[in-house]
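The chain contents come next:
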Amino acid sequence: MDQSVAIQETLERDENCIIAVQCDVFFDNSTESRLLGLVESTKEHAIFIYTHRRMAITADDVSLEDIIPISLDFAVVEVSSSEELAVVGADTKMRVSYQEEELELRLPFGSHSRLFLSEVNRAWSDVCKTTTQAPKFKWISKYHKTTRGLGVLKPALAPLGTTVYTLNQHQKEREKSSDKKGTIEGEKSKAYSSPESQSTFSREDRHDLVRCSSHTPSNKAQILAMPQFGLRDNLIRCELLKNEDLYTYPEDFSFFLGTYNVNGQTPKESLHPWLSCTLNPPDMYCIGFQELDLSKEAFFFNDTPKELEWTKAVSEALHPDAKYALVKLVRLVGIMLIFYVKKEHAEFISDVEAETVGTGIMGRMGNKGAVAVRFRFHNSDICVVNSHLAAHIEEYERRNQDYKEICSRLQFRQLDPSQPPLTIMKHDVILWIGDLNYRISELDVSNVKELIGKKDYETLHSYDQLKRQIDEQAVFVGFAEGDIHFQPTYKYDTGSDKWDTSEKCRVPAWCDRILWRGKNIVQQHYQSHMALKTSDHKPVSSLLFIGIKRVNAEAYKKTFEEIVRNIDKMENECIPSVSLSKREFHFKDVKYMQHRAETLSLFNDGQVPCQFEFIQKPNEPTYCKPWLTANPPKGFIAQGGSVDIELEVFVNRSTAPELNSGKEQIEDILVLHLERGKDYFISVTGNYLPSCYGSSIHSLCRLREPIQDMSQETLLELAKMSVDDNAVNTEKPLDIPKELWMMVDHLFRNALKQEDIFQQPGLRSEFAEIRDCLDTGIPDSLPGSNHSVAEALLLFLDALPEPVVPYSFYQQSLEICSNASQCEKVISMLPQCHKNVFNYLAAFLRELLKNSASNQLDVNILATIFASLLLRSPTKQDLAEKRKTQEFFQHFLAQGSS
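Predicted, not measured: the structure shown is a model, and the values here were computed from it.

1. Looking at the overall build of the protein
Counting its regular elements, the protein contains 25 helices and 29 strands. Taken over 898 residues, the protein has a buried fraction of 54%. Here the analysis covers contacts within the protein between residues at least 6 apart in sequence; of these, 71% occur between residues at least 24 apart. Here the protein has roughly 38800 Å² of accessible surface; of this, 47% comes from carbon and sulfur atoms.

Rendered as structure tokens:
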């Protein structure tokens, strides 16, 4: 992170900034931005507080303001609202107190802030575990700053669940408990064996309703995943999870699930008929919205005032017979998920994480995709997904693709950063809601409406695309959906119950669905709500009773003690060992953006459980090459057990250039290390088929034949010429790469009037066919739909090692972005082949704009999509830079531009 670099430059050589995060500091009625850096020296840690410029990149941009050593008395306490409706999981508010002062901080919500807090927690835990003399922090004195916090702060950011309380309370309670167990950990066995709260104070002292990533009596086994625990504790955790049935019992809780595509409207009516339709108040609410805002601002910059409007409408319509806490709100453009819980259940919610994934064009645009929340309730892990899949009746394959991408790409960071992320399917219960957009096929409008009139929903459902795709096991394998006894929820004339009377006259369909996966789940109702007329969709709700695993404290204690006794007997000098299914893996004919995987099976044939991990080789930054991944990269195998590891090869825009030129090969050796055991060496080889994707414009302009017909020596020589301006080449190059011409020419001939071109994603299978055509031949026409060819063009530009406007011109382009003549001057200075490509693309896009009445494009849309590809930043591009690149490129989209 750039901010870490800036802080590191201010430190002495022996100090190291482990991680930095930007936060807001509250001063009376104002807030000011600060940088916090966790700094380590001689195994001691301190938090350095810096003032900074807007974009802190170097030491000149930051100024040291304060230092807080992490000593035994250090503490960070999370603060939450005392209002009746608590909002949890947004920005993290913390209070750091010293002597007579208090400093309140607000960290932005996100994985980086969680990682920062995790590292602070790890440092504090190391201090607590040290039984030798207390840290002296002599190294801090050289920074000539008044240090705070030496022996004055409250107890810690506690990993076992802490209480928020006042400084005076703490001073009294600390004196009482000083001769008892430690503030956090005490003896490890106490931490495991007592199912009671680990907090020093009673629950009545808590101000917060829900603690993200905290631990409660019902999930005590999870504390063993904390980074400070080793192999023995990993084994205890594994055995506790394996024997969960011995100390847990199911208890039913009601989950209200709702989904509503609001078509960009503002709330015009009460949501009470939808959200309060149950006789008794549900224990949980999971409410999903789609198309919250259809404006370009929301689409491109993910900013909308409608989030607050709809959230307010929801909070006012919750069941009146109970009080609810807002646990999490997560939004991606117009897809929003809100999670409420009854106040009395809030303390049993933990490990709350939220993630999003876009499946729009190039997998980046968030007009389609999913948002999700995962959490732990008592001893059950639950994931709720709200998705909006691809539209149009014929696009069911693209919807299938969206589903698969959401399942593979949506991953939750674990509390222990060293652990692999959790995917959707790694939960006890999965609740999936949203506008899935599957339609009714093979029936015309009149036939569909006739069956609806007869309320023959069973016959109509047999033509439903989602039902058919599930029956074919193409999507939602293992999921269940209740019987549908309500009429289709799409499409109506807004403000009425009339079916679509527009020119398109859409066929009615059950676009809005609710599905689930897991055990002990019973559906109470599944219905639409015709009373709401704000949108062209009708909202849908389902009430599920889910058997949640609760902990029996006495049985837990007994199970734990039995496990510890058995481990004590088992621990001896036996060296762990495993047998491998194979030691050599060869991936034949690897292609650009083609996922390939083979399975490595490990069997524990030793006398003891073992822990494995792929480790780095000397002088290498990671355990494997960037095109290779082992999943999982580390783990635990019980005696006699086995584990399958997926060795995955995937070449993307960052790894393709070196492989295309032959500078790199598909070759690597993985080192599999056993804790207290030996190392195993695994060979991974393969051959990469060079591609125009990831090749430079310079090289491609000198390739008259398909790239896969060229020898490796020729490609390597061309790559050298790309960086050597003095290289001699007698053959005149092409004006532009032939592959680029083929895609643009195809779109010019076939897609000038294509609706939503460059905004709707293509199919991955069709992209693979297009890539193969470009790499192996020169066909008369390209395969696949217009949308697939359009996305292939964008991916081509994204994969260029040097963008169309080279990096060396990037900063200059930003500085003169508002001056059209200066922008044209910059383009005139580009290398000839780059200049040709830029002008060719700009001319094609101007032709598209001439047909905007048909294709629905405008200058803003095209500038947004293409500017960040043609003028890529050599580092991460912020919002201000993004807007400047768009302003630069817009000059060339105006009609009559040269």
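2. A short note on unusual backbone geometry
Cis geometry is found at the peptide bond from tyrosine 490 to lysine 491, where omega equals 5°. For lysine 491, the position within the fold is in the loop between α12 (465-471) and β18 (512-517). In this structure, proline 632 follows asparagine 631 across a cis peptide bond, with omega equal to 5°. Within the secondary structure, proline 632 sits in the loop between β25 (628-631) and β26 (634-637). For asparagine 263, which is not glycine, the phi dihedral falls at a positive 55°. By the secondary structure assignment, asparagine 263 is in the loop between β8 (248-261) and α6 (272-275).

3. What about the state of the cysteines?
Scanning the model with the defined rule gives zero disulfides in all. Not engaged in a disulfide, the cysteine cysteine 407 finds its nearest cysteine sulfur in cysteine 383; these two sulfurs lie 9.3 Å apart. Owing to a relative accessible area of 15%, cysteine 407 belongs among the buried residues under this scheme.

4. Details of the pairing of strand β14 (residues 380-388)
Judged by how many residues are buried, β14 sits mostly within the fold: nine of nine residues are covered. Note: strand β13 (residues 369-377) against β14, nine bridges, orientation antiparallel. Residue arginine 374 lies in a different strand from β14, and its bridge partner there is cysteine 383. Between β13 and β14, which follow one another and run antiparallel, lie two residues, and histidine 378 among them has a positive phi close to 55°.

5. Points about the packing of aromatic side chains
Taken as a whole and judged by the stated rule, the model has 28 aromatic pairs. Both rings, one in phenylalanine 289 and one in tryptophan 310, keep their centres 5.3 Å apart while their planes meet at 45°; by these two values the pair is tilted. Of this pair, phenylalanine 289 sits in strand β9 (residues 284-290) while tryptophan 310 sits in helix α8 (residues 306-317); the two residues are 21 residues apart in sequence, bridging distant segments of the chain. For tryptophan 310, a relative accessible area of 0% translates into the label buried. Each ring, one from tyrosine 693 and one from phenylalanine 796, has its centre 5.8 Å from the other, and the planes form 80°; the classification is edge-to-face. One end of the pair, tyrosine 693, is in the loop between β29 (679-688) and α15 (697-700); the other, phenylalanine 796, is in helix α19 (residues 786-799), with 103 residues separating them in the sequence. Here tyrosine 693 matches phenylalanine 796 in class, with each residue buried. Taken together, Phe48, Tyr50, Trp139 and Tyr143 form an aromatic cluster joined through their ring pairs. When the ring centre of tyrosine 492 is taken as reference, the NZ or CZ atom of lysine 538 above it lies at 5.0 Å.

6. Structural notes on the pattern of salt bridges
Applying the stated criterion across every chain, the model contains 41 salt bridges. Here glutamate 239 makes a salt bridge to lysine 242, at a shortest N to O gap of 3.1 Å. Residue glutamate 239 and its partner lysine 242 are both found in helix α5 (residues 231-242); the two are separated by three residues, about one turn of the helix. What makes glutamate 239 buried here is its relative accessible area of 18%. Where glutamate 244 meets lysine 549, a salt bridge forms, and the shortest distance between an N and an O atom there is 2.8 Å. Separated by 305 residues along the polypeptide, glutamate 244 in the loop between α5 and β8 and lysine 549 in strand β20 (residues 540-551) bring together distant segments of the chain. As far as the burial class goes, glutamate 244 and lysine 549 line up, both buried.

7. What about helix α25 (residues 879-890)?
For α25, built from twelve residues, the straight-helix expectation of 16 Å at 1.5 Å per residue is met to within 8% by its first-to-last C-alpha distance of 17 Å. Buried within α25 are the following residues: Glu881, Thr885, Gln886, Phe888 and Phe889. Projected down its long axis, α25 carries its buried residues within an arc of 160°, all on one side. For α25, the capping residue at the N-terminal end is aspartate 878, with a side-chain oxygen 3.2 Å from the backbone nitrogen of alanine 880.

8. Considering the nonpolar core
Core analysis: the largest hydrophobic core is formed by 103 residues, its most contacted members being Tyr693, Phe758, Phe866 and Phe888. Counting residues in hydrophobic clusters, the runner-up holds 51 residues, among them Val373, Ile382, Val429 and Ile546.

9. Description of the pairing of strand β28 (residues 667-674)
When strand β24 (residues 610-615) meets β28, the two strands line up antiparallel, connected through four bridges. Paired with isoleucine 615 across the bridge in β28 is valine 671. The sheet contact formed by β28 and β29 spans seven bridges and is antiparallel. Within β29, the position partnered with isoleucine 669 by the bridge is serine 683. Connecting the antiparallel pair β28 and β29 is a turn made up of four residues, with arginine 676 showing a positive phi of about 65°.

10. As for the sheet that holds strand β10 (residues 324-332)
Taken in spatial order, the six strands of this open sheet run β10-β11-β9-β8-β20-β19, and their pairing is mixed. Strand pairing shows two members of the sheet lacking a second neighbour, β10 and β19 (521-528), which therefore form its edges. On average, adjacent strands in this sheet sit at an angle of 20° to one another, irrespective of strand direction. With seven bridges joining them, β8 and β9 adopt parallel strand pairing. Among the inter-strand pairings, phenylalanine 255 is bridged to a residue of β9, identified as methionine 284. Sheet strands touched by α8: β8, β9, β10 and β11 (335-342). Its angle to β11, the strand with the most contacts, is close to 30°.

11. Observations concerning the sheet that holds β28
Pairing is mixed across the open sheet formed by five strands, whose spatial order is β22-β29-β28-β24-β26. The open sheet has two edge strands with one neighbour each: β22 (584-590) and β26. Neighbour-to-neighbour, the strand axes of this sheet turn through a mean angle of 20°, independent of strand direction.

12. Looking at the environment of proline 632
Sequence separation between proline 632 and glutamate 646 is 14 residues; the distance between their C-alpha atoms is 7.3 Å. Look past the residues within four positions of proline 632 in its chain and what remains in contact with it is Pro420, Phe612, Phe614, Asp644 and Ile645.

13. Quick word on helix α24 (residues 859-870)
Compared with an ideal rise of 1.5 Å per residue, which puts twelve residues at 16 Å, α24 spans 15 Å between its outermost C-alpha atoms and is within 8% of the ideal. A large share of α24 lies buried, amounting to nine of its twelve residues. Within the sequence span of α24, burial applies to Ile861, Leu862, Ala863, Thr864, Ile865, Phe866, Ala867, Leu869 and Leu870. The opening residue of α24 is aspartate 858, an N-cap whose side-chain oxygen sits 3.0 Å from the backbone nitrogen of asparagine 860.

14. A word on the environment of glutamate 755
With respect to the helices and strands, the residue glutamate 755 is situated in the loop between α17 (738-750) and α18 (764-776). Between the C-alpha atom of glutamate 755 and that of asparagine 851, which follows or precedes it by 96 residues, the distance is 10.0 Å. Discounting chain neighbours no more than four positions away, the residues touching glutamate 755 are Lys504, His787, Ser854, Asn855 and Gln856.

15. Brief notes about the packing of α24 against α25
Two numbers describe how α24 lies on α25: the axes approach to 8 Å, and their chain directions differ by 110°. Taken together, the axes of α24 and α25 are roughly perpendicular relative to one another. Crossing hand, α24 versus α25: right-handed. On the side of α24, the interface is formed by Val859, Asn860, Leu862, Ala863, Thr864, Phe866, Ala867, Ser868 and Leu870, while α25 contributes Thr885, Gln886, Phe889 and Gln890. Across the contact of α24 with α25, the residue classes break down as seven nonpolar, six polar and no charged.

16. Some details on the side chain of aspartate 435
Summarising the element assignment, aspartate 435 is placed in strand β17 (residues 429-435). Although aspartate 435 is buried, it forms no salt bridge, and the closest oppositely charged side chain is arginine 439 at an N-O distance of 6.2 Å. Among the polar contacts listed, one links the side chain of aspartate 435 to the side chain of asparagine 261, at a separation of 2.8 Å. In terms of polar contacts, aspartate 435 uses its side chain to reach the backbone amide nitrogen of asparagine 437, at 3.1 Å. Setting aside residues up to four positions removed in sequence, aspartate 435 forms contacts with Thr259, Asn261, Gln290, Ser387, His388, Leu389, Cys511, Asp512 and His537.

What counts and how
Residues numbered from 1 in each chain as written. Predicted model: local features only at pLDDT ≥ 70, side-chain atom pairs only at ≥ 80, totals over all residues. Heavy atoms only, no water. Helix = DSSP H or I, 4+ residues; strand = E, 2+ residues; numbered from the N terminus. Buried < 20%, exposed > 50% of the residue type's maximum accessible area, 1.4 Å probe, protein only. Contact = heavy atoms within 4.5 Å. Areas by Shrake-Rupley, 256 points an atom, 1.4 Å probe, with all protein chains shown as cover. Disulfide = S-S within 2.5 Å. Pairing = 2+ DSSP bridges. Phe/Tyr/Trp six-rings, centres within 6.5 Å; stacked < 30°, edge-to-face > 60°. Lys NZ or Arg CZ within 6 Å of the ring centre and 35° of its normal. Salt bridge = Lys/Arg side-chain N within 4 Å of Asp/Glu carboxyl O. Expected span 1.5 Å × (residues − 1). Arc of directions from axis to C-beta. Polar contact = N/O pair within 3.5 Å; in protein donor to acceptor, adjacent residues only side chain to side chain. Core = buried A, V, L, I, M, F, W, Y, C linked by side-chain atoms within 4.5 Å. Axes fitted to C-alpha atoms, helices over the stretch in contact; angles between N-to-C directions. Parallel < 35°, antiparallel > 145°, perpendicular 65-115°, else oblique. Left-handed = near helix turned anticlockwise from the far one by under 90°. Nonpolar A, V, L, I, M, F, W, Y, C, P; charged D, E, K, R; others polar. Lys, Arg positive; Asp, Glu negative; His and termini not counted.

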